[in-house]
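Now for the letters of each chain:
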Amino acid sequence: MSGHTELEMRQAMNNIVQPMEARKIPWAITYGNHDEDSTAKGGLDESEMLEYYRSYAYNVNELGPRGVTGTGNMNLFIHGARGNNPKFNLWLLDSGRYAPGNIAGQNFAGYPTWDWLRMDQVAWYFQRSVEIERQVGRKVPGLMFIHIPLWEYRFM
């Protein structure tokens, strides 16, 4: 968001979601490193942005689990035409903003300056996956959406 005021930020978000809303298409967002770039000027942080997005009729975002790093971490089931048994699962994880200068005295010289998924998010994903498999009685195929690519992608 590049708004300079809260109103401009809300207008920019509205412009982004209107194509889905006008067509009555369910939609969701996930966060990355630029979402709070205008917070100092516009005043809306991620949790306030999520509250605004959730006010739209076709938004399907959830607040996300408490005590887990990030905003709006969630999974979203895609159901078949018949029944409530999930056919597919979308994972939305907040990949953070910018890396800290150091952790426990270790600096990140030579690494990118953006953030990464945290271990508590990975633990939540694993626990939720196990819970889903137990509830549904099988593994549910899915895709994970994160804004900042994992560092390991560079080596693939």
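All residue numbers refer to positions counted from 1 along the written sequence of the respective chain. Since the coordinates come from a predicted model, pLDDT governs what is reported: local features require at least 70, and pairs of side-chain atoms require 80 or more to be given and counted, while whole-chain, interface and lining totals use all residues. With hydrogens and water set aside, each side-chain value is computed from the structure's full complement of heavy atoms.

## Some remarks on the overall build of the chain
Rules: Starting at the N terminus, helices and strands are each numbered in turn, a helix being any DSSP run of H or I of at least four residues and a strand any DSSP run of E of at least two. Burial classification: accessible surface area is computed with a 1.4 Å probe over protein chains only, and a residue below 20% of its type maximum counts as buried, one above 50% as exposed, and the rest as partly exposed.
In terms of regular secondary structure, the chain is built from 4 helices and 5 strands. Listed by position from the N terminus, the elements making up the chain come as α-α-α-β-β-β-β-α-β. The dimensions of the chain, computed from C-alpha atoms along their principal axes, are 50 × 40 × 30 Å. Counting only residues that meet the buried cut, the chain has 30% of its 156 residues in that class.

## Points about unusual backbone geometry
We note that Lys 24 has phi near 60 degrees; this positive angle belongs to a residue other than glycine. Structurally, Lys 24 is set in the loop between α1 (6–22) and α2 (39–42). Positive phi, normally seen in glycine, also occurs at Ala 104, with a value near 50 degrees. Here Ala 104 is to be found in the loop between β3 (102–103) and β4 (106–107).

## Quick notes on the environment of Trp 114
Residue position: Trp 114 is located in the loop between β4 and α4 (119–136). For the pair Trp 114 and Tyr 58, spaced 56 residues apart in sequence, the C-alpha to C-alpha distance is 31 Å.

## So, the pattern of salt bridges
In plain terms, the rule: Here a salt bridge means any side-chain nitrogen of Lys or Arg lying within 4 Å of a carboxyl oxygen belonging to Asp or Glu.
One pass over the structure, following the stated rule, counts 6 salt bridges. The partner of Arg 97 in a salt bridge is Asp 94, with the nearest N and O atoms 3.6 Å apart. When its relative accessible area of 2% is taken as the criterion, Asp 94 is described as buried. Arg 118 is the salt-bridge partner of Asp 115, the closest N and O atoms lying 2.6 Å from each other. Take Asp 115: its relative accessible area is 11%, and that puts it in the buried class. Several salt bridges converge on common partners, so that one network encompasses Glu 46, Asp 94 and Arg 97.

## Topic: a nonpolar patch on the surface
The test is simple: Each patch is assembled from residues with relative accessible area greater than 30% and no salt bridge, linking like charges that lie within 9 Å and nonpolar side chains (Val, Leu, Ile, Met, Phe, Trp, Tyr) that lie within 5 Å. Method for areas: the Shrake-Rupley scheme with a 1.4 Å probe, in which residue coverage is limited to the protein chains shown.
Taken together, Tyr 125, Phe 126, Val 130 and Met 144 make up a surface patch of nonpolar side chains, about 350 Å² in accessible area. The biggest single contributor to the nonpolar patch is α4, with 3 residues. Structurally, Tyr 125 is set in helix α4.

## Points about the sheet that holds strand β5 (residues 142–145)
Defined as follows: The rule for pairing is simple: two strands pair if DSSP sees at least two bridges between them. Helix axes are fitted to C-alpha atoms over the stretch in contact, other axes to C-alpha atoms as well, and angles between N-to-C directions run from 0 to 180 degrees. Two residues form a contact once any of their heavy atoms are found within 4.5 Å.
On the basis of which strands lie adjacent, the open sheet formed by 3 strands has the order β1-β2-β5 and mixed pairing. The open sheet has two free edges, formed respectively by β1 (74–79) and β5, since each of these has just one partner strand. Shown here is a sheet whose adjacent strand axes are inclined to one another by a mean of 20 degrees, direction ignored. Sitting on the sheet, α4 is in contact with β1, β2 (86–92) and β5, with an inclination near 170 degrees to β2.

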